[in-house]
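As a plain string of letters, each chain reads:
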Amino acid sequence: MAGNLLTMRRWRRKYYDIFAKFYDWVIRVHSGDVSERLREFLVKKASIKDGMRVIDLCTGTGSVAVKVKILCPRACVYGIDFSKGMLKKAMEKSKDINWILATAAFLPIKDQSIDVVLCSHAFYELKGAERFWTLGEIKRVLKPEGKFLLMEHEVPKNRLIRMLYYIRIFSMGFYDGIGFIKREMDVLKLFFRKVEKLSSPTGRSKLILGVK
Ligand SMILES: C[S@@+](CC[C@H](N)C(=O)[O-])C[C@H]1O[C@@H](n2cnc3c(N)ncnc32)[C@H](O)[C@@H]1O
């Protein structure tokens, strides 16, 4: 199945293989210090302790995984992504993280072996069945009481920006995405015992916490 899923999303992976060269620069210019504050907020909310095993899912160039290692040096961190280009950039940032090339919907990780799964600004890129398989995989790898923390852009309040936001989601091939965003809490409740939503310090992103 992993092979098929990687083929299904070939263009998306190729897009990220190329975008990897500019990704950190674009994020820095676009959001300045905001993305750093958000990453710190996300990691702190996860309450990661020494010895915990943590996955940064769809890690991209690894910024969240690296933040975990800085704040919790004794955590065992896995950064997982399906783009070789993004992972190559991530590897340049740290040798103390286990970088894994895999699709989110098929994790090469043992059942109930992980304390925390983080996913920052990537979950909305998954579509249809892939999204459900991914949630199933996250639940499978988490220990009982393990946490899933999902950070995403909040739906913009301004009408014009909201329209651009929906166009972006649509253009990513995420045709059922808008429906998902409207009922994401209900979907997550199918997989997690407890689900709650928190605002980020900037108010422009949201954090959803699911507890197994
Ligand atoms: C917008 S970037 C976010 C990267 C990082 N989490 C951050 O906050 O900077 C989205 C990442 O998700 C990865 N991605 C998208 N779909 C994926 C999938 N099905 N499996 C694994 N990685 C995926 C892309 O390769 C890309 O690196």
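Residues numbered from 1 in each chain as written. Predicted model: local features only at pLDDT ≥ 70, side-chain atom pairs only at ≥ 80, totals over all residues. Heavy atoms only, no water.

A. A look at the pattern of salt bridges. According to the stated counting rule, one finds 13 salt bridges in the structure shown. Glu125 is the salt-bridge partner of Arg12, the closest N and O atoms lying 3.2 Å from each other. Highlighted residues: Arg12 in helix 2 (residues 10–19) and Glu125 in the loop between strand 4 (114–120) and helix 7 (128–141), separated in sequence by 113 residues. Taken as a pair, Arg12 and Glu125 share a single burial class, namely buried. A salt bridge links Lys67 to Glu40; the shortest N-O distance between them is 3.8 Å. Of this pair, Lys67 sits in helix 5 (residues 63–71) while Glu40 sits in helix 4 (residues 34–45); the two residues are 27 residues apart in sequence, bridging distant segments of the chain. On the basis of relative accessibility, which here comes to 11%, the residue Lys67 falls in the buried class. Take Glu40: its relative accessible area is 29%, and that puts it in the partly exposed class. (Salt bridge = Lys/Arg side-chain N within 4 Å of Asp/Glu carboxyl O. Helix = DSSP H or I, 4+ residues; strand = E, 2+ residues; numbered from the N terminus. Buried < 20%, exposed > 50% of the residue type's maximum accessible area, 1.4 Å probe, protein only.)

B. Quick look at the pairing of strand 5 (residues 142–153). Pairing geometry for strand 4 and strand 5, over 6 bridges, is parallel. Note that in strand 5 the partner of Val117 across the bridge is Phe148. In this view, the connection linking strand 4 to its parallel neighbour strand 5 by way of helix 7 has right-handed handedness. (Pairing = 2+ DSSP bridges. Right-handed = clockwise from strand over helix to strand, strands pointing away.)

C. How the structure looks around the site of the ligand. Surrounding the ligand, one finds 19 residues, the nearest of these being Tyr23, Cys58, Asp81, Ala104 and Ser120. Cys58 is positioned with one of its backbone polar atoms (N or O) 2.8 Å from a nitrogen atom of the ligand. One nitrogen or oxygen atom from the main chain of Phe82 is found 3.3 Å from a nitrogen atom belonging to the ligand. Its free accessible area being 600 Å², the ligand has 97% of it covered by the protein chains. Looking at the shell around the ligand, its residues break down into 9 nonpolar, 6 polar and 4 charged. (Near = heavy atom within 4 Å. Polar contact = N/O pair within 3.5 Å; in protein donor to acceptor, adjacent residues only side chain to side chain. Areas by Shrake-Rupley, 256 points an atom, 1.4 Å probe, with all protein chains shown as cover. Nonpolar A, V, L, I, M, F, W, Y, C, P; charged D, E, K, R; others polar.)

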